[in-house]
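Fold and contact review
What follows is the residue order along each chain.
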Amino acid sequence: MGRRFCVRCGSEEGPDNPIIDSLCPKCFVNERSIIKLPNTIKITICPVCGSVYYKGSWIKLGDDLSEVLEFLINNYYLTSGRGVIYNGFTNVSVKVTSIEEGKAYLSIEGTYEGVRINHGYVVNIRIDKRLCPKCTKVRGRHFEAIVQIRSEVPIRREVVERILLVLSRMKGLEENIVEVKEYRDGVDIKLLSQSVARQLANILKREFAAKITQTWKDSGYVSGRKRSKLTISVRVPGLLEGDIVEVDNVLAVVTSVKQGRVVLRRLDDGGQLRLDQSSLWERNVKLLTPKDYAVLNAIVLGYEGGKAVVQAEESGNVYYIAAPKLFKPGTGVKILIYKGRTYLMI
């Protein structure tokens, strides 16, 4: 039988170079994967004891999220049919190399015709916090406060993940959580302690320039004393770096959202605008979506009358745009068109 060759690079089949569906191992891992996992892997963890929900039961897997995810992939997804192994591979295993901002970076390894092959893989992870039956019985679903996190604009998954990341660093929060529920428009967190709820709200105010309001509701009497449950409404701007916004009829791009301040760069003159928590809510800040404007690739032709002469690559249309920054002729740029006005994206 004649030797086979890789249809991509032309390398010849050999003992250390098997051909996998017309591809050598190097080309195979560039185009395909040893396994196929769901785009998002959900991990349900009890916020009190750290138990993980696995095959209908709650088990202890330790505090290291990487180890928990690695166990679930190797012992559940690769054995239950939820993860598909490429035909011909054996001894497949997965290691978690890192977890960053809702994404898990994996190292996949498997054997094909006696040759070990490995490659990288990325999946999204979603952490759902839910009390296990044991902790539910202990706590009786009792809570003293609820923090309701909502956004002034339709909330995006990236915003929710950034909020949850900040909260994961708050000392003493986990042991006070009764329940965390995610909704399409935000997140509700039920807590045992009203003081912890206030600390949580203050962190969100400081980090995301959130607007805070508090209300109380009578919940009966305990030992002859009237008790009230606290509801804290936390409204975040819901902005992310790179968003295009309109502030008092001026177009700007969000360059930073942190430490209670949103920093913008005006597109008309390149000037910087800093909005703290109070001024952010006083100003008329409108988040634009890609449906509201168009972004085109263009080339700088030169300058005339103090304006950049820019030609759109696709249409050939020429625009005269105020340029807060000088570009050499021939430089590729992006232009944004909104309500008939054109801006240079710098």
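Above this note sits the structure.
Predicted, not measured: the structure shown is a model, and the values here were computed from it.

**Observations regarding the layout of surface pockets**
A water-sized probe rolled over the atoms picks out the places where empty space is left. By volume, the largest pocket is sized at about 990 Å³. Listed by contribution, the elements that provide at least two residues to the lining of the largest pocket are helix 2 (65-77), strand 6 (89-100), strand 8 (115-129), helix 4 (157-168) and strand 10 (177-183). Sort the elements by how many residues they give to the lining of the largest pocket and helix 4 lands first, with eight residues. The class makeup of the residues in the lining of the largest pocket is 18 nonpolar, five polar and 15 charged. The computed volume of the second largest pocket comes to approximately 230 Å³. In terms of lining residues, the second largest pocket is bounded by eleven residues, among which Lys 42, Thr 44, Tyr 53, Tyr 76 and Tyr 77 are the most central. Elements with a minimum of two residues in the lining of the second largest pocket: strand 2 (40-45), strand 3 (52-54) and helix 2. Among the residues forming the lining of the second largest pocket, the class breakdown is six nonpolar, one polar and four charged.

**Here we look at the pairing of strand 23 (residues 341-345)**
Pairing analysis gives five bridges linking strand 22 (residues 332-338) to strand 23, with the strands arranged antiparallel. When the bridges of strand 23 are listed, Ile 335 appears paired with Leu 344. Where strand 22 hands over to strand 23, the hairpin turn is made up of two residues, of which Lys 339 adopts a positive phi near 55°.

**Observations concerning the pattern of salt bridges**
Tallied over the entire structure, the rule returns 15 salt bridges. In this structure, the salt-bridge partner of Glu 109 is Arg 116, at a minimum N-O distance of 2.8 Å. The shortest N-O distance in the salt bridge between Glu 161 and Arg 157 comes to 3.4 Å. Residue Glu 161 and its partner Arg 157 are both found in helix 4; the two are separated by four residues, about one turn of the helix. Using a relative accessible area of 25% as the deciding quantity, one classes Glu 161 as partly exposed. Residues joined by salt bridges that share partners form a network here, namely Lys 42, Arg 126 and Asp 128.

**Some words on the sheet that holds strand 20 (residues 307-312)**
Spatially, the five strands line up as an open sheet ordered 21-20-19-22-23, and their pairing is antiparallel. Of all strands in the sheet, those with a lone pairing partner are strand 21 (318-322) and strand 23, marking the two edges. Along the sheet, successive strands turn relative to each other by an average axial angle of 45°, direction set aside. One ladder, built from six bridges, connects strand 19 (residues 294-304) with strand 22; its direction is antiparallel. Its bridge partner being in strand 22, Leu 296 is matched across the sheet by Ile 335.

Quick notes on the rules
Residues numbered from 1 in each chain as written. Predicted model: local features only at pLDDT ≥ 70, side-chain atom pairs only at ≥ 80, totals over all residues. Heavy atoms only, no water. 1 Å grid on protein atoms, 1.4 Å probe; cavity = no way out; pocket = protein on both sides within 12 Å on 5 of 7 lines; lining within 4 Å. Points joined across faces, edges and corners; volume = space filled by probe spheres on them. Helix = DSSP H or I, 4+ residues; strand = E, 2+ residues; numbered from the N terminus. Nonpolar A, V, L, I, M, F, W, Y, C, P; charged D, E, K, R; others polar. Pairing = 2+ DSSP bridges. Salt bridge = Lys/Arg side-chain N within 4 Å of Asp/Glu carboxyl O. Buried < 20%, exposed > 50% of the residue type's maximum accessible area, 1.4 Å probe, protein only. Axes fitted to C-alpha atoms, helices over the stretch in contact; angles between N-to-C directions.

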